[in-house]
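# Fold and geometry: a report
As a plain string of letters, each chain reads:
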Amino acid sequence: MKQYYDVEAVRKLFPVVEKMTYLDSGFQTPMSTPVKHALEAFVNESYETAGPKSIWIDRMEATRAKVASLLNAAPEEIAFTKNTSEAMNIAANALPLKAGDNVLMIHGDHPNNAYAFLNLKKKGVEVRFIDMTDIVNAESFRSRIDANTKAISMSYVTFHAGHRFDIESVGRLCKERNLYFVIDIMQAVGVVPIDAKKVGATFIGCGTHKGLFVPQGLGLLYWDRTRNELEPAYLAAISLKDPPSDFIARPDDMAVAVTAGRFEIGNFNLPAIHALDAALNLIGQIGIDNIQAHCFELGDRLIAGLDALNVQLVGPRDHALRAPHIYVAALPADEWMGYFASVDVRVSPERDGVRISLGMFNNASDIDRLLEVIRARNEATGRSPQAA
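These numbers were taken from a predicted model, which means no experiment stands behind them. (Residues numbered from 1 in each chain as written. Predicted model: local features only at pLDDT ≥ 70, side-chain atom pairs only at ≥ 80, totals over all residues. Heavy atoms only, no water.)

Moving on: the packing of helix 4 (residues 84-94) against helix 5 (residues 111-118). Contact geometry of helix 4 with helix 5 gives a least axis separation of 9 Å together with a crossing angle of 30°. When the axis of helix 4 is compared with that of helix 5, the two are roughly parallel. In this structure, the crossing between helix 4 and helix 5 has a hand that is right-handed. Of helix 5, the residues touching helix 4 (which contributes Ser85, Met88, Asn89 and Ala92) are Asn112, Asn113, Ala116 and Phe117. Taken together, the residues that form the contact of helix 4 with helix 5 break down as 4 nonpolar, 4 polar and no charged. (Axes fitted to C-alpha atoms, helices over the stretch in contact; angles between N-to-C directions. Helix = DSSP H or I, 4+ residues; strand = E, 2+ residues; numbered from the N terminus. Parallel < 35°, antiparallel > 145°, perpendicular 65-115°, else oblique. Left-handed = near helix turned anticlockwise from the far one by under 90°. Contact = heavy atoms within 4.5 Å. Nonpolar A, V, L, I, M, F, W, Y, C, P; charged D, E, K, R; others polar.)

Here it is as C-alpha cells:
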C-alpha cells in the first residue's frame, strides 16, 4: 500500500487498536491520546481553579475558526449544537416554510434528518421522498420540483451502505431553482473533503463523535450568512445581536446576532469543544485528502478480499460513488455479530448486513484479519461464503 502518512505513529495515539480490530468508526470512533489529554486538561483547570471561563470561551472561538477552515467557511458561519439531530432541526425550523410548501428528501436516508422535516407536517409542509439509488444527483430531484418546492435536504454519505452522493450538482440545481439546500455530513466529516461554498449549502449539520473523534454530545452547524432571512425558532440572550448586559429582557430589542450565534442557546459543551480542538489539530497534521486516500486503499483491499470469499458488497464500488470508509458486507448481522465480538472484531449491524467502517488509524492488517475471521468461520461451519 502507498504510504500517505505514518499510520503506525497514528495507531499509537489510539490504544484501543492494540486490544481489538476496530472497524466501527461509522458508529463511534475510539478516543485518541490528544483528545484524552485535552479533556483531562479541562477537568484539571476546572478542579484547580473553578474554571477560567473567559479563557475557555476564547479557546472555543479559536476552535470555531478551525471548524470553519475545515469546511471552507467563515467562523461567523459556524454554530455549536448538541448533535446532528439538533442541527437538522434548527435548519428545518429556520426555513420560511408554510402550509402547501414541500421539501424533497431521499427515502431511506438517516431518519433524524427526515424527522426534522416530517415534524413540519403539523404546519402543513409536505415531505416528498425520491428513491435511493447508487447514484443521486441533480437529475434525481429535477423532475420532482414544482412551484411549491422550497428545499432539498440530504446526506452527503449514507450511514448504511456508504453511498457518496453528488451534492455539488444538487447544490447547483438549488441555486438554479432558488431552493434552500440542507446537508447532513455526519458520515463524511473528518474523512471526506467538504467545501460549503462549492456545494452551495444553506445549512450543513453534523455531530463530532465519528470522523472528528470527540465523545458524544457536540454537534456543528454551518449557516450561509448571506441568507440572513433565516432566523432561529427559539431564542436566548446569547442568540441576540445585543445581549442585555444587565440580564433584563427587553421586548423592543430582540434583533438576532448577525453570525451563526443566532442559532446557539448557550452553556456550551466546553469539555467537548476542547476535545474537538485537539482532534482538529490531529486531522490537520495528517490532512483530509491523505485520510481519504488511505481509506480508499483500505477499502479497495477489503472489496477484493470479500470478492475472493464470494461475499457480496452492499452499495457502490466505484470511487466516484462510494465513501472511502464505509462498507457493508452481505453477512446476516444476527448470525455474525456475536461471532465478530467473540474474536475481538468491532463492526456494526446494518440494514443489509455488517458494516465495516474505517478510520485514519486502520491499516492493512486490520482488513486482512477481518477477512481471515470470515474465512475461518465459513470453513469451520462448513458453510459456503455464498450461503453466508
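That was the structure; now back to the text.
Spanning 17 residues, helix 9 (residues 270-286) covers 25 Å between terminal C-alpha atoms, matching the ideal 24 Å at 1.5 Å per step. One or two steps after helix 9, the chain reaches Gly287, where phi turns positive at roughly 95°. (Expected span 1.5 Å × (residues − 1).)

Attention now goes to the side chain of Thr208. Positionally, Thr208 belongs in the loop between strand 7 (203-207) and strand 8 (219-223). Among the residues examined, Thr208 registers a relative accessible area of 1% and is labelled buried. Contact partners of Thr208, with chain neighbours within four places excluded, come to Met186, Phe213, Val214, Pro215, Leu218, Leu220 and Leu276. (Buried < 20%, exposed > 50% of the residue type's maximum accessible area, 1.4 Å probe, protein only.)

Below, the discussion takes up the layout of surface pockets. Of the voids in this model, the largest pocket is the one considered here, and its volume is about 330 Å³. Lining the largest pocket are 20 residues; nearest its centre among them are His110, Met186, Gln187, His209 and Lys210. The residue makeup of the lining of the largest pocket, split by class, is 4 nonpolar, 11 polar and 5 charged. (1 Å grid on protein atoms, 1.4 Å probe; cavity = no way out; pocket = protein on both sides within 12 Å on 5 of 7 lines; lining within 4 Å. Points joined across faces, edges and corners; volume = space filled by probe spheres on them.)

Turning next to the packing of aromatic side chains. Here the structure, examined in full by the defined rule, presents 10 aromatic pairs. With 4.8 Å between their ring centres and 35° between their planes, Phe14 and Phe361 make a pair best called tilted. One end of the pair, Phe14, is in the loop between helix 1 (7-11) and strand 1 (21-22); the other, Phe361, is in the loop between strand 13 (353-357) and helix 12 (364-381), with 347 residues separating them in the sequence. Phe361 matches Phe14 in its accessibility class, with the two residues each being buried. Measuring from centroid to centroid gives 5.5 Å for Trp336 and Phe340, while their planes differ by 35°, and the two rings are tilted. Residue Trp336 and its partner Phe340 are located together in helix 11 (residues 333-342), separated by 4 residues, close to a single helical turn. Accessibility expressed as a relative area gives 1% for Phe340, which makes it buried. Linked through ring pairs, Phe14, Tyr22, Phe213 and Phe361 together constitute an aromatic cluster. (Phe/Tyr/Trp six-rings, centres within 6.5 Å; stacked < 30°, edge-to-face > 60°.)

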